[in-house]
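Here's the letter readout for the chains.
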Amino acid sequence: MQVLTVNLGDRSYPIYIGEQLLSQPELLCPHIRGRQVCVVTNETVAPLYLDKLCAALSDYQVDTVILPDGESHKTLQVWSSIFDTLLSSRHNRTTTLIALGGGVVGDMTGFAAATYQRGVDFIQIPTTLLSMVDSSVGGKTGVNHPLGKNMIGAFYQPRCVLADTSLLRTLPARELSAGIAEIVKYGLISDYDFFVWLENNMDDLLAGDMTALAYAVKRSCENKADVVAQDEHEGGLRAILNLGHTFGHAIETAQGYGNWLHGEAVAAGMVMAADLSCRRGAISNDELARVIHLLQRANLPVKAPSDMIPTQFMELMGVDKKVLDGRLRLVLLESMGKAIITSDIDAGMLQDTFDACKAD
Ligand code: NAD
Ligand code: GLY
């Protein structure tokens, strides 16, 4: 097992990464302060792993909430159903919420923990690759609004993250690829050596090789923890974690939540960000081709949907959380392995990127 730390002073917390961690209560229990636990999961993950987790929590009052599965259910309405169980089972301020699931469950549970009785403890047990490498770490929680992704939420850190990589054995291939998109992101924004490692090890990741997956989870979490420790509330630097996301969120919103997976939209969005970076002269055509090739090898989309026109992109990108004083800001590449955040965007180049990155 590997143990990393997200360094946030007295709110620092560990990330445990390894196999068969779910059945090791000694990892979880020190992070549970009271006698009550509420496990929030969904209808797909519950039959796979809920009993195992509950068995590890036999010393506690355990209540469970099973949410409907899918991004389309990441709504205020579904989120509020978590409180029905917490209140009817009389959970008090010392309760601990445990998110057992992918990023959707994790984001909604964290946001419920941030607001229940003005804030109770929570633990992240990510079960998808994407949630192990990204969403479970760093304390962004929330739900979608029909007009924009993740528009309602809070920064709220978990007490610990338990990434049991053996849970990835049941993950569908399409979801594994979606997680790889966020992994490639770290290589592009801050870790060129890791990008090269991914070029050399993509086949092992796709084949579900546990050693390769554990390494990718660890390296991704190291990169993310480093950024979060420097800029928890996204005053500046943290925005680099959103490479491709401004384009990607527009795709997700336009296509209807859940039709494009988050990781798929991020992959196409990262190609758009890399394409624009190439037009600005920051990366070469060969480097752009390497980005596209790596994502293609991971079976990810590298073009935006054919039915999305630039004005729709611009309208949806206008509600991005990075917009400042009405000006669009984008995360672009300064070089391979280094990202910048800029509002200095040439409209003509952006138009060319929209044209070049649209599927036929
Ligand atoms: P998800 O939570 O929808 O999970 C993907 C699918 O896999 C679901 O159908 C789920 O039921 C299923 N599943 C989960 N674990 C499984 C397992 N072990 N075996 C079999 N099936 C399993 O999607 P995701 O990709 O994990 O997360 C995407 C969400 O995360 C988006 O809402 C996105 O906005 C959010 N996100 C948040 C952050 C953050 O910092 N908070 C970062 C990135 C993404
Ligand atoms: N996924 C982007 C962030 O955590 O900031």
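You'll find the structure just up there.
Residues numbered from 1 in each chain as written. Chains lettered and ligands numbered in written order. Predicted model: local features only at pLDDT ≥ 70, side-chain atom pairs only at ≥ 80, totals over all residues. Heavy atoms only, no water.

Undergrad: Please clarify how the overall build of the chain should be interpreted in this entry.
TA: Secondary structure assignment for the chain yields 13 helices and 11 strands. Taking 21 Å as the expected radius of gyration for a compact globule of 360 residues, we find that the chain reaches 20 Å, a close match to that expectation. Expressed as lengths along the three principal axes of its C-alpha atoms, the size of the chain is roughly 60 × 40 × 40 Å. Expressed as a percentage of the 360 residues in the chain, the buried residues total 58%. As presented, the chain carries roughly 14,100 Å² of accessible surface, and 48% of it is formed by carbon and sulfur atoms. Each charge class in the chain was averaged separately, 29 positive and 42 negative side chains, and the resulting centres sit 5 Å apart. (Helix = DSSP H or I, 4+ residues; strand = E, 2+ residues; numbered from the N terminus. Rg over C-alpha atoms; globule rule 2.2 N^0.38 Å. Buried < 20%, exposed > 50% of the residue type's maximum accessible area, 1.4 Å probe, protein only. Areas by Shrake-Rupley, 256 points an atom, 1.4 Å probe, with all protein chains shown as cover. Lys, Arg positive; Asp, Glu negative; His and termini not counted. Charge placed at Lys NZ, Arg CZ, Asp CG, Glu CD.)

Undergrad: Help me understand the environment of Gly244 in this model?
TA: Relative to the assigned elements, Gly244 resides in the loop between helix H8 (210-230) and helix H9 (245-255). Since its relative accessible area comes to 3%, Gly244 is described here as buried. The spatial distance from the C-alpha of Gly244 to the C-alpha of Ala267 is 7.0 Å, given a sequence separation of 23 residues. What Gly244 contacts, discounting residues up to four positions off in sequence, is Ala265, Val266, Gly269, Met270 and Ala273. (Contact = heavy atoms within 4.5 Å.)

Undergrad: Please clarify how the pairing of strand S6 (residues 121-126) should be interpreted in this entry.
TA: Regular strands place side chains that alternate from one sheet face to the opposite one. Burial runs high along S6: six of the six residues are buried. Burial of S6 is two-sided: the residues Asp121, Ile123 and Ile125 facing one way and the residues Phe122, Gln124 and Pro126 facing the other way are all buried. Here strand S5 (residues 96-101) pairs with S6 via six bridges, running parallel. Residue pairing across strands places Ile98 opposite Ile123, the latter belonging to S6. As a crossover connection, the stretch from S5 through helix H4 (residues 103-115) into S6 is right-handed. (Pairing = 2+ DSSP bridges. Right-handed = clockwise from strand over helix to strand, strands pointing away.)

Undergrad: Help me understand the environment of Leu330, please; the structure alone is not making it clear to me.
TA: One can find Leu330 in strand S10 (residues 330-335). On the basis of relative accessible area, Leu330 is assigned to the buried category, the value being 1%. C-alpha separation for the pair Leu330 and Gly248, spaced 82 residues apart in sequence, amounts to 12 Å. Excluding residues that lie within four positions of it along the chain, Leu330 makes contacts with Thr246, Phe247, Leu276, Met317, Ile340, Ile341, Thr342, Ile345 and Leu350.

Undergrad: Is there a simple way to think about the site of ligand 1 in this case?
TA: Every one of the 28 residues lining ligand 1 counts as a neighbour, but Glu71, Thr127, Thr128, Lys149 and Thr170 are closest to it. One of the side-chain N or O atoms of Glu71 is found 2.7 Å from an oxygen atom in ligand 1. The backbone of Val104 places a nitrogen or oxygen atom 3.0 Å from an oxygen atom of ligand 1. Counting only elements with at least two residues in the shell around ligand 1, the list comes to helix H2 (46-56), H4, helix H5 (129-135), strand S8 (148-155) and helix H6 (173-190). (Near = heavy atom within 4 Å. Polar contact = N/O pair within 3.5 Å; in protein donor to acceptor, adjacent residues only side chain to side chain.)

Undergrad: Got a minute to help me understand the packing of aromatic side chains in this structure?
TA: Between two aromatic rings, the relevant description is the distance of the centres plus the angle of the planes. Tallied over the full model, the rule gives 10 aromatic pairs. Arranged with centres 6.2 Å apart and planes meeting at 20°, the rings of Phe83 and Tyr116 form a pair that is stacked. Here the residue Phe83 occupies a position in helix H3 (residues 76-88), and Tyr116 occupies one in the loop between H4 and S6, the gap between them amounting to 33 residues. Both residues of the pair, Phe83 and Tyr116, count as buried. Taking 6.4 Å as the distance between ring centres and 75° as the angle between the ring planes, the aromatic pair formed by Phe194 and Tyr215 counts as edge-to-face. Taken together, the residues Phe194 in helix H7 (residues 192-206) and Tyr215 in helix H8 connect sequence positions 21 residues apart. You can call Tyr215 partly exposed: its relative accessible area is 25%. Taking the ring centre of Tyr186 as reference, the NZ or CZ of Lys185 above it sits at 4.9 Å. (Phe/Tyr/Trp six-rings, centres within 6.5 Å; stacked < 30°, edge-to-face > 60°. Lys NZ or Arg CZ within 6 Å of the ring centre and 35° of its normal.)

Undergrad: Sorry, what's going on with the pairing of S10 here?
TA: As defined by bridge partners, S10 adjoins strand S11 (residues 338-342) across five bridges and the pair is classed as antiparallel. Counterpart to Val331 in the pairing with S11 is Ile341. Linking S10 back to S11 in an antiparallel pair, the connection comprises two residues, with Gly337 at a positive phi of about 90°.

Undergrad: What should I look at first to understand the site of ligand 2 in this one?
TA: Neighbouring ligand 2 are Asp134, Lys140, Lys224, Glu234, Arg238, Leu241 and Asn242. A distance of 2.6 Å is found between an oxygen atom of ligand 2 and a side-chain nitrogen or oxygen belonging to Lys224. Contacts to ligand 2 include Arg238, whose side-chain N or O atom sits 2.7 Å from an oxygen atom. Bound to the protein, ligand 2 loses 91% of the 200 Å² it would expose on its own. Here the shell around ligand 2 is composed, by residue class, of one nonpolar, one polar and five charged. (Nonpolar A, V, L, I, M, F, W, Y, C, P; charged D, E, K, R; others polar.)

Undergrad: Any chance you could explain a negative patch on the surface here in plain terms?
TA: Where like charges cluster on the molecular surface, the negative patch consists of Asp344, Asp346, Asp352 and Asp355. Along the polypeptide, Asp352 turns up in helix H13 (residues 347-356). The class of Asp352 is partly exposed, set by a relative accessible area of 38%. (Patch = residues over 30% accessible without salt bridge, like charges linked within 9 Å, V, L, I, M, F, W, Y side chains within 5 Å. Salt bridge = Lys/Arg side-chain N within 4 Å of Asp/Glu carboxyl O.)

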